[in-house]
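Examination of the molecular architecture
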Amino acid sequence: MTVRGFLREMEAAQRRAERERLRRERQIERERKQMEKMEEMERAAYEVEIYEERIENLLSIHRECAEDIDWEWIDEGLFPIIPDKPTANAEAAQEIFDGYEASLFDTLFFRVGAKRRELYDAIDVGRSMDAEEYALQLRNFELFFKDWEWKKLRADYVLAGDIEVIKEVIETIGPFRDITDLGSQLKFILETSSQIEVDLEVKGKEVIPSEVKTLLKTGKLSEKKMPVMRFNELYQDYICGCAIRIARELFALLPFEKVFVHAV
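Worth saying up front: this structure is predicted, and the values here are computed from it rather than measured.

Thresholds, definitions, all that
Residues numbered from 1 in each chain as written. Predicted model: local features only at pLDDT ≥ 70, side-chain atom pairs only at ≥ 80, totals over all residues. Heavy atoms only, no water. Patch = residues over 30% accessible without salt bridge, like charges linked within 9 Å, V, L, I, M, F, W, Y side chains within 5 Å. Areas by Shrake-Rupley, 256 points an atom, 1.4 Å probe, with all protein chains shown as cover. Salt bridge = Lys/Arg side-chain N within 4 Å of Asp/Glu carboxyl O. Lys, Arg positive; Asp, Glu negative; His and termini not counted. Charge placed at Lys NZ, Arg CZ, Asp CG, Glu CD. Helix = DSSP H or I, 4+ residues; strand = E, 2+ residues; numbered from the N terminus. Axes fitted to C-alpha atoms, helices over the stretch in contact; angles between N-to-C directions. Parallel < 35°, antiparallel > 145°, perpendicular 65-115°, else oblique. Contact = heavy atoms within 4.5 Å. Buried < 20%, exposed > 50% of the residue type's maximum accessible area, 1.4 Å probe, protein only. Pairing = 2+ DSSP bridges.

Observations regarding a negative patch on the surface
Judged by side-chain charge, E67, D68, D70, E72 and E76 come together as a negatively charged surface patch. Residue position: D70 is located in the loop between helix 1 (3-59) and helix 2 (71-76).

See below:
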C-alpha cells in the first residue's frame, strides 16, 4: 500500500470512528430524554395519586369510626385472664418425631440417625416459635390490660354521669385526630352527662385543594384551578362528613343521648 493509500485509509477510519462516536452520543441522548420522560410521567402519576387520595379522605371521613365502648360491661366485667402459654408448634414437631418411621432410602444411605436428629431439633424450633408467640401475646395483653384498667377505674363515674370524668375520657381517648389533622378545630361544650355540643371550626381554604390535578393521555400532569362550584361541593361534603364523624365517635365513646354539632 502506498503512503497516500495508507493516509486515505487512516482518514476513513477516523471518519468511521467519529460517526460511531456521534451515533453513540445521539443514542445516549435519546435514552436520557426517554428516562426523563418516564421520570416525569411517574412524578405526574404520583402527584395525581396523592391528589385523588386527598379528595377521597375528605369525602370519606365520616365512614371511619372507633368501636363502641360498653361501659356497663367494663364496670361489671371480670378481670382479664392472662393468656396461656402456647405449645402448638412444639407439640406438632414432637408428634412428627414420635411418628417417624425410617424409609428405605434413609436406611440404605444411613440417614436414619441424621433424620431423627433433624426432627428432634425441630422440636426446639417449635418451642422457640411458641415462646415468641407467647411474648407477643403478653405484650398485647399488657396493652389491653392498661386500657381496660384505665376504663375500669372510670366506668362507675361515667355511668353515674360525672361530667369531669366524661371530659377526661373525651380528652384522653377521643379519636378526633383525623379531623384536626385535616385542619379543623373542635370545642366541646358539656353541661349535662346526657348530651354534648361541639363547635367545629372548619378551615375550608386550607383543607380543600385549590387545584384539580389529572393525567393527560400523554402521561403529563394537568393542573387547573379548582372550579368554584366543585370547591363548594367538596366543602359542603367535608363539613357534613366531619359533623357525622364527630357524632358517630361521641356516641361510640360515651353513653350520650344527644350530640349537637355546630359547624363554624
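Right, picking up where we left off after that structure.
Here's the deal with the packing of helix 3 (residues 88-98) against helix 5 (residues 112-159)
It is the contact of helix 3 with helix 5, at a shortest axis distance of 7 Å, that shows an interaxial angle of 170°. Between helix 3 and helix 5, the crossing angle belongs to the class labelled roughly antiparallel. For the pair helix 3 and helix 5, contact is made by A88, N89, A90, A93, Q94, I96 and F97 and by R116, L119, Y120, A122, I123, G126, R127, M129, D130 and E133, respectively.

Regarding a nonpolar patch on the surface
Together, L104, F105, L108 and F109 make up an exposed nonpolar region whose accessible area comes to about 470 Å². Along the chain, the position of L104 falls in helix 4 (residues 104-108). A relative accessible area of 63% means that L104 is categorised as exposed.

Concerning the environment of E171
Note that E171 resides in helix 6 (residues 163-173). As for E171 and A90, which are separated by 81 residues in sequence, their C-alpha atoms are 46 Å apart.

As for the sheet that holds strand 1 (residues 185-189)
Pairing within the open sheet is mixed, and its three strands lie in the order 1-2-5. Of all strands in the sheet, those bounded by a partner on one side alone are strand 1 and strand 5 (258-263). On average, each strand axis in the sheet is inclined to that of its neighbour by 20°, with strand direction left out of account. Sheet topology note: the strand 2 (residues 195-201)/strand 5 ladder contains six bridges and is parallel. Paired with L200 across the bridge in strand 5 is A263. The strands touched by helix 9 (residues 228-253) within the sheet are strand 1, strand 2 and strand 5, with strand 5 carrying the most contacts at an inclination of about 155°.

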